[in-house]
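What follows is each chain in one-letter form.
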Amino acid sequence: MTDYTSRGVADATTARAFSAVSWGAVLGGALVSAAISLMLLAAGAGLGFTSISPWSNAGVTATTFGIAAVIWLAFIQLAASGAGGYLAGRLRTKRVGVHTDEIAFRDTAHGFLAWAVGSIVGAVLLASTASAIIGGTARLGASAASGVGSAVSSAASQVAGRVDLSNLDPSAYVTDTLFRTDRSVPSSTDAAPGRGEVGRIVAMSIRNGDMAPADKTYVANVIAAQTGISQPDAEKRINDAIAKAKETAAKAEQTARETADTARKGAASLALATFIAMLMGALASSYCATIGGRARDKFDV
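As the structure is a computational prediction, the values presented were derived from the model and not from experiment. (Residues numbered from 1 in each chain as written. Predicted model: local features only at pLDDT ≥ 70, side-chain atom pairs only at ≥ 80, totals over all residues. Heavy atoms only, no water.)

Enquirer: Provide a residue-level description of the overall build of the chain, including the pertinent values.
Expert: In terms of helices and strands, the chain carries nine helices and zero strands. Reading the chain from its N end, one meets helices and strands in the order α-α-α-α-α-α-α-α-α. Among the 301 residues that make up the chain, the fraction classed as buried is 30%. Nonlocal contacts in the chain, meaning residues at least 24 apart in sequence, comprise 76% of its contacts between residues at least 6 apart. (Helix = DSSP H or I, 4+ residues; strand = E, 2+ residues; numbered from the N terminus. Buried < 20%, exposed > 50% of the residue type's maximum accessible area, 1.4 Å probe, protein only. Contact = heavy atoms within 4.5 Å.)

Quick look at the structure:
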C-alpha cells in the first residue's frame, strides 16, 4: 500500500530545497526584453531621422517629433517588457503542491524581475549613447553661455578695434592710464597708439557696466583729435556705442537664458516620459508573465 503521507512530506521537503525564483527564466526574459528594446530603438531612430530636416519648412515640427518620440518610447517598453515577461512566466519551473494564488504571485514576480534585469542590461548597453548625448548637451550649453561674451566682444570691436574680452588684462588698462597725455595723438590708422588704448578702455568700461568720467573725457579727446569732430559729438558717439554694446549683450544673454530654459524643460519632459514608460513596462511584464504562467500550466502535464 502506498504511503501518501510520507510521499507528501517528501514532496514538500524537495520543493523547499529549490529556490522559488527560476533565474534561468528571468535572465532569458530579460535578455529578450533588452534585445527587443535595442531593435525597436534603432528602428525609432531611423524613422526619426527620416522625419526631420535641417531645411526650413521641411519635416515635422519639434512638438510633433517630441510627441512621437514619447509614444514610441512607451511602445518600446510595452512590447519589449511584455515579451520578456511572457517568456519569464512561460519558462519558469512549475512547482507541484503550490497554492494557485502563490503560483500567480510567483509568475508576477518573475515578470517583474525580468523587467528589472532587462532595464539594467539595457541601461548598461546604452551607457555610451547616453554619455554622448550628455556631452553634446553640455557643449550646447557652453556655446550658449559663451554667446554673451562673444556679443559683448563684438560690440566693443565696433567701437574701437578688435579687443578680446576673454583675454583682457586689467593691468594693461592701468598701465595705459600712467602714460596718458593731453597732447593730440597721431591721425587715425589701425596701428595708431590711441586706437588700441581706446579699445581697452571701452572693453573695460563694458565689463564694469559704465565708463568713468575721466576715461570718457580722455577717449573723447582721442576721438576728436583723430576724426576732427567736436568734443560733445565725440562724447555722444561714446554714449551711443556703449548703449548699443549693452543692448547687444542683453539680447545675447536673453537668448542664452531662453536656450537653457528650453533645454531644461526638454530634459524634465524626457525624464517624466521615461518614468511613465518604464512604469508601463513593469506592469506589462508582470501581467504578461501571468499569461505565460497560465499557458505553462495548461500545457505542462
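Enquirer: If you had to explain the side chain of S285 to someone new, which residues and values would you point to?
Expert: Of note, S285 is situated in helix 9 (residues 231-299). A polar contact of 3.4 Å, which involves the side chain of S285, links it to the backbone oxygen of S81. In this view, S285 contacts S81, G82, G85, G111, F112, A114 and W115; residues no more than four positions away in its chain are not counted. (Polar contact = N/O pair within 3.5 Å; in protein donor to acceptor, adjacent residues only side chain to side chain.)

Enquirer: Which residues make up the nonpolar core, and what are the values?
Expert: By size, the foremost hydrophobic cluster in this structure holds 15 residues, and its most contacted members are M211, V219 and I238. Residue assignment for this core shows that the elements contributing at least two residues are helix 7 (193-208), helix 8 (213-227) and helix 9. Those residues within four positions of V219 in sequence are excluded, and the remaining contacts are V198, I201, M211 and I238. (Core = buried A, V, L, I, M, F, W, Y, C linked by side-chain atoms within 4.5 Å.)

Enquirer: I'd like to hear about helix 3 (residues 62-91), residue by residue, with values.
Expert: If you check helix 3, its first and last C-alpha atoms are 43 Å apart, about what 30 residues at 1.5 Å a residue would give, namely 44 Å. Residues of helix 3 that are buried include every one of A74, I76, Q77, A80, S81, G82, G84, G85, A88 and G89, and no others. Against the buried residues of helix 3 lie helix 2 (23-51), helix 4 (100-125) and helix 9. (Expected span 1.5 Å × (residues − 1).)

Enquirer: Tell me about the pattern of salt bridges, residues and numbers included.
Expert: In this structure the tally under the stated criterion is nine salt bridges. Residues E247 and K251 are paired through a salt bridge, measuring 3.5 Å at the closest nitrogen-oxygen approach. Separated by four residues within a single helix, E247 and K251 lie in helix 9, roughly one turn from each other. The class of K251 is exposed, set by a relative accessible area of 54%. Of the charged contacts, one joins D297 and R296 as a salt bridge, the two residues approaching to 3.0 Å between their closest N and O atoms. What makes R296 buried here is its relative accessible area of 5%. (Salt bridge = Lys/Arg side-chain N within 4 Å of Asp/Glu carboxyl O.)

Enquirer: Give me the lowdown on the packing of helix 2 against helix 4, citing residues and values where you can.
Expert: Axis separation between helix 2 and helix 4 bottoms out at 7 Å; the angle between their running directions is 45°. If you check the angle between helix 2 and helix 4, you find them oblique. Crossing geometry of helix 2 relative to helix 4 is assigned as right-handed. Here W23, V26, L27, G29, A30, A34 and L38 of helix 2 come into contact with helix 4, specifically with H110, L113, A114, V117, G118, V121, G122 and L125. The residue makeup of the contact of helix 2 with helix 4, split by class, is eleven nonpolar, four polar and no charged. (Axes fitted to C-alpha atoms, helices over the stretch in contact; angles between N-to-C directions. Parallel < 35°, antiparallel > 145°, perpendicular 65-115°, else oblique. Left-handed = near helix turned anticlockwise from the far one by under 90°. Nonpolar A, V, L, I, M, F, W, Y, C, P; charged D, E, K, R; others polar.)

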